[in-house]
Amino acid sequence: MDKKLVIANWKMNIPNEGIDHFLKSVIPEITDLQYVQPGICPPYLFIPKLFELLDNSSVLLGAQNLHYEDNGAFTGEISAQLLKTYCSLVIIGHSERRRLFHETDEEISRKIQTATQCNLTPILCVGENITERKNNLSNKIVTSQLITGLSKINNFNKLIVAYEPLWAIGSGNAATPNDIELMVKVIRQVITERFGIESQNSVRIIYGGSVSENNITKIITLPNMDGVLVGNASLDPLQYSNIVKNIETIIT
Ligand code: PEP
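The shown structure was predicted, so the numbers you read here are calculated from the model rather than taken from an experiment. Here, residues in each chain are numbered from 1, in the same order as that chain's written sequence. This being a predicted model, a pLDDT of at least 70 is required before a residue's local features are given, and a value of 80 or more before pairs of side-chain atoms are given or counted; all residues contribute to the totals for chains, interfaces and linings. Where side-chain values are given, they derive from all heavy atoms of the structure, hydrogens and water being excluded.

### Focus: the side chain of Ser79
Only DSSP runs of H or I with at least four residues qualify as helices, and only runs of E with at least two residues qualify as strands; both kinds are numbered from the N terminus onward. In this fold, Ser79 is placed in the loop between strand E3 (60-63) and helix H3 (80-83). Taking relative accessible area as the criterion, Ser79 reaches 5% and is therefore assigned buried. N or O atoms within 3.5 Å of each other form a polar contact, as long as, within protein, one can give a hydrogen and the other can take it, and as long as residues adjacent in sequence are counted only when both atoms are side-chain atoms. Only 3.2 Å separates the side chain of Ser79 from the backbone oxygen of Asp70, close enough to count as a polar contact. We call two residues in contact when some of their heavy atoms are within 4.5 Å. The contact partners of Ser79, leaving out residues within four places of it in the chain, are His67, Glu69 and Asp70. Residue exposure (1.4 Å probe, protein chains only): buried if accessible area is under 20% of the type maximum, exposed if over 50%, otherwise partly exposed.

As structure tokens, then:
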């Protein structure tokens, strides 16, 4: 059985009480677990520091974005070639990047392609906003994000898809287990129909949006749920390690 992923997305933040305190209190709690694979995606600036501090731990290190070109005149951007020295994961197409930085599905597909070519595991974020949800467009939106986002790869072995409904992110109200279960089914179905059975078996699907120590049990025990992407709660060392430890206990 694959371990459950618990990926921290720190966004443009550092944890409460600082990175050193976070790692000191969290690493002993989350290293070498039997059923959970933790990962941390800090702001770029802290990637080399975490790379050193996480050495000898089993915690994965990831970035929150990349540029699809290998190098060149792209001021302010960072390539997979540069990231791969330190990282094994990269978040791509987060809703904040789509909404605030106008990333398109086409650009996202190029990023997924580049990450895959550089042996980085992409975490493709998909999800509908509140208006789309109210208009019953959730399945349509997520399907089209998947079809275009994944259109340039044929190796799905390492891919992770994160279902992150925009209305749940940072709201304190996670999607209901029923909503999550239905969308996980849709995502698996689209991947099977569009890209073949093999890809559906190798792709891991996780949920993100107001995950906390209080709701993790209901989310992680859903069928075919491979893990969670955690924003706000991952900045608090106690919450983050409680989420990880809860999963380890439940799965046991
Ligand atoms: C996210 O934005 O990826 C996320 C999961 O955020 P939060 O947990 O804060 O809703």
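### Points about the packing of helix H5 (residues 105-117) against helix H7 (residues 138-149)
How two helices pack is summed up by the angle between their axes together with the distance between the axes. Only C-alpha atoms enter the line fits that serve as axes; for helices the fit covers just the stretch in contact. Angles between N-to-C directions range over 0 to 180 degrees. Relative orientation of the contacting elements H5 and H7 amounts to 45 degrees, with a least axis distance of 8 Å. In this view, H5 runs oblique relative to H7, as classed from their interaxial angle. Along this stretch, H5 crosses H7, giving a crossing that reads as right-handed. Here Asp105, Glu106, Ile108, Ser109 and Ile112 of H5 lie close against H7, whose contacting residues are Ser144, Gln145, Thr148 and Gly149. Only Asp, Glu, Lys and Arg are considered charged in this grouping, and only Ala, Val, Leu, Ile, Met, Phe, Trp, Tyr, Cys and Pro are considered nonpolar; every other residue, Gly among them, is considered polar. Class assignment of the residues belonging to the contact of H5 with H7 gives a composition of two nonpolar, five polar and two charged. In these notes the angle categories are as follows: under 35 degrees is roughly parallel, over 145 is roughly antiparallel, 65 to 115 is roughly perpendicular, and the rest is oblique. Left-handed describes a crossing whose near helix is turned anticlockwise from the far helix through less than a right angle; right-handed describes the clockwise counterpart.

### Observations regarding the site of the ligand
As a structural note, the neighbourhood of the ligand is formed by 13 residues, with Lys11, His94, Gly170, Ser210 and Gly231 the closest of them. Taking Asn9, its side chain carries an N or O atom lying 3.4 Å from an oxygen atom of the ligand. Here an oxygen atom of the ligand and a side-chain polar atom of His94 are 2.8 Å apart. Protein contacts shield 99% of the accessible area of the ligand, which totals 290 Å² for the unbound molecule. Definitions used throughout: a 1 Å grid over protein atoms alone; a cavity as a set of points that fits a 1.4 Å probe which cannot get out; a pocket as an open set with protein on both sides within 12 Å along at least five of seven lines; a lining residue as one with an atom within 4 Å of a point. A pocket or cavity is taken to hold a molecule when more than half of that molecule's atoms are within 2 Å of the pocket's grid points. The cavity where the ligand resides is the second largest pocket. Broken down by class, the residue content of the shell around the ligand amounts to three nonpolar, seven polar and three charged. Consider each residue's heavy atoms; a residue with any of them within 4 Å of a molecule or strand counts as near. For the area figures, the Shrake-Rupley method with a 1.4 Å probe applies, and any residue is considered shielded solely by the protein chains shown.

### Quick notes on the pairing of E3
In short, DSSP must find at least two bridges between two strands for them to pair. Here strand E2 (residues 36-41) runs beside E3; their pairing, made up of two bridges, is parallel. Paired with Gly39 across the strands is Leu60, a residue of E3. Handedness of the β-α-β unit built from E2, helix H2 (residues 47-53) and E3 comes out right-handed. Relative to strand E4 (residues 89-92), E3 runs parallel, the two sharing two bridges. Along E4, the bridge assignment pairs Ala63 with Val90. Every crossover in which the path from the first strand over the helix to the second runs clockwise, viewed with the strands pointing away from the viewer, is termed right-handed.

### Remarks on the pairing of strand E7 (residues 204-208)
For E7, the buried fraction is high: five of the five residues fall into the buried class. Alternating residues of E7 divide into Arg204, Ile206 and Gly208 and Ile205 and Tyr207, and every residue in both groups is buried. Pairing geometry for strand E6 (residues 160-163) and E7, over four bridges, is parallel. Of the residues in E7, the one forming a bridge with Val161 is Ile205. Where E7 meets strand E8 (residues 227-230), two bridges bridge the pair, whose relative direction is parallel. Of the residues in E8, the one forming a bridge with Gly208 is Leu229.

### A closer look at the environment of Ser234
Mapped onto the fold, Ser234 is located in the loop between E8 and helix H11 (237-251). For Ser234, a relative accessible area of 0% translates into the label buried. It is 9.4 Å that separates the C-alpha atoms of Ser234 and Val6, two residues lying 228 residues apart in sequence. Discounting residues that sit within four places of it in the chain, Ser234 has contacts with Ala8, Asn9, Trp10, Phe22 and Tyr240. A distance of 3.1 Å separates a polar side-chain atom of Ser234 from the backbone oxygen of Val230. In terms of polar contacts, Ser234 uses its side chain to reach the backbone carbonyl oxygen of Gly231, at 2.7 Å.

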